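Close look at the chain arrangement
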Amino acid sequence: MLVVDGDADNRELHRDSFTLEGWAVTEAVDGREALVHALTSKPWVVVTELRLPLIDGVALCEILRKDRATEAVPILVVTSETRPVELARAERAGASALLIKPSTPDIIVAEMKRLVEATSNAAAFPAVRTPPVPSGRRSLVKAHRRLSTTTPDEPPVRLSCPICSQPLKYQETFIGGVSSHHPERWDYYACVRCGSFQYRHRTRKLRQLSQ
Ligand SMILES: [Zn+2]
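Only a predicted model underlies this, so the values are computations on that prediction, with no experimental measurement involved.

**Re the coordination of the zinc ion**
For the zinc ion, every protein donor is listed as Cys161 (SG), Cys164 (SG), Cys191 (SG) and Cys194 (SG), and the spread of their distances is 2.3 Å. A residue is classified by how much of its surface remains accessible, and cysteine 194, at 11% relative accessible area, is buried.

Take a look at the structure:
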C-alpha cells in the first residue's frame, strides 16, 4: 500500500498502524513521489493527504484514475482540509472515501478494509484477505493492546492551546504502536477557537490537526 503525506509524524502514525495489520507500506512525501511509486508498482490501496507539495492530492487522484494500471485502486483521503468545496473536488477527482483529521488509526484501517472489500475486483488484492503477517510475530501482534479510550490508565496531561493559551479540552486517547515493546500513545484535544490538537506521549509534541 502507498501512504502519501508531507508530514513525517502522520506518515509514521499511518505506517505503525498499517504495519501492525501486516501490510507492506511504501511512503511518499509529495504527489510527484507518490505518482512514481504508484505507476511503477501498483498499490492495492492509496492513503493520501490532499495538501501535498508539487502535485496535490486532487491532481494525484485524477492522474491515478486516468491510468489504466491504477484506475480501480481504492484511494482513501485522510486530510486536514475541511473546506467542503475542496472535499467535493477530491471526490470528483476520484477519491473513494474521505476522512478528516484527526482520525484514529482504527477508523482509518476499518475504512480501508471496507473500501478494498467494496472494490469489484477485490480478488486482485489477496493481501487484504490473508495479510502477510510473519508467523513469528503473530503472538506479539495479538498480545499488543491497541485501543481508543477516554479513560486511559495514566490521566491525560493538562495542556494549553499554543495559539490562544486557553486550556485545551481533552477528548480521546489512542494507544497503538508497532508492538508492546514500542507502545505509542496519542491524546486528542480541542480548543474552542483554534481547532483540534494531537499530543504524542513519546515525543511530548503537541501539534495542530485542523482548524
Ligand atoms: Zn486556542
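**Structural notes on the pattern of salt bridges**
All told, the structure shown has 15 salt bridges when counted by the stated rule. Residue aspartate 9 pairs with lysine 205 through a salt bridge whose shortest N-O separation is 3.5 Å. Here aspartate 9, found in helix α1 (residues 8-20), pairs with lysine 205, found in strand β10 (residues 205-210); they are 196 residues apart in sequence, far enough to count as distant. Looking at aspartate 9, the relative accessible area reads 19%, which means it is buried. Residue class for lysine 205 comes out partly exposed when judged on its relative accessible area of 44%. The salt bridge involving arginine 185 is made with aspartate 187; its shortest N-O contact spans 2.9 Å. Three or more residues joined by partner-sharing salt bridges are found here, namely Asp9, Glu12, Arg200, Arg202 and Lys205.

**Topic: the confidence of the model for the protein**
When pLDDT is averaged along the protein, the result is 83; 83% of the residues meet or exceed 70. Mean pLDDT across the secondary structure elements of the protein bottoms out at helix α6 (residues 126-129), with 38, and peaks at strand β1 (residues 2-4), with 97. This stretch, residues 121-144, has a pLDDT under 50; its non-local contacts, to residues over four places away or in other chains, come to 35 contacts.

**As for the packing of helix α2 (residues 31-40) against helix α3 (residues 57-66)**
Contact geometry for α2 and α3: axes closest at 10 Å, N-to-C directions at 20 degrees. Classified by the angle their axes make, α2 and α3 are roughly parallel. Read as a crossing pair, α2 and α3 show a hand that is right-handed. Taking contact as the criterion, the partners of Gly31, Ala34, Leu35, Ala38 and Leu39 in α2 are, on α3, Leu60, Ile63 and Leu64. Its residues assigned to classes, the contact of α2 with α3 comprises 7 nonpolar, 1 polar and no charged.

**Here we look at the sheet that holds strand β2 (residues 26-28)**
The sheet built from 5 strands is open, its strands ordered β2-β1-β3-β4-β5 with parallel pairing. Strand pairing shows two members of the sheet lacking a second neighbour, β2 and β5 (97-100), which therefore form its edges. When strand polarity is set aside, the average angle formed by the axes of neighbouring strands in this sheet is 20 degrees.

Cut-offs applied
Residues numbered from 1 in each chain as written. Predicted model: local features only at pLDDT ≥ 70, side-chain atom pairs only at ≥ 80, totals over all residues. Heavy atoms only, no water. Donors = N, O, S within 2.8 Å, 3.2 Å for Na, K, Ca; no water. Buried < 20%, exposed > 50% of the residue type's maximum accessible area, 1.4 Å probe, protein only. Salt bridge = Lys/Arg side-chain N within 4 Å of Asp/Glu carboxyl O. Helix = DSSP H or I, 4+ residues; strand = E, 2+ residues; numbered from the N terminus. pLDDT = per-residue confidence, 0-100. Contact = heavy atoms within 4.5 Å. Axes fitted to C-alpha atoms, helices over the stretch in contact; angles between N-to-C directions. Parallel < 35°, antiparallel > 145°, perpendicular 65-115°, else oblique. Left-handed = near helix turned anticlockwise from the far one by under 90°. Nonpolar A, V, L, I, M, F, W, Y, C, P; charged D, E, K, R; others polar. Pairing = 2+ DSSP bridges.

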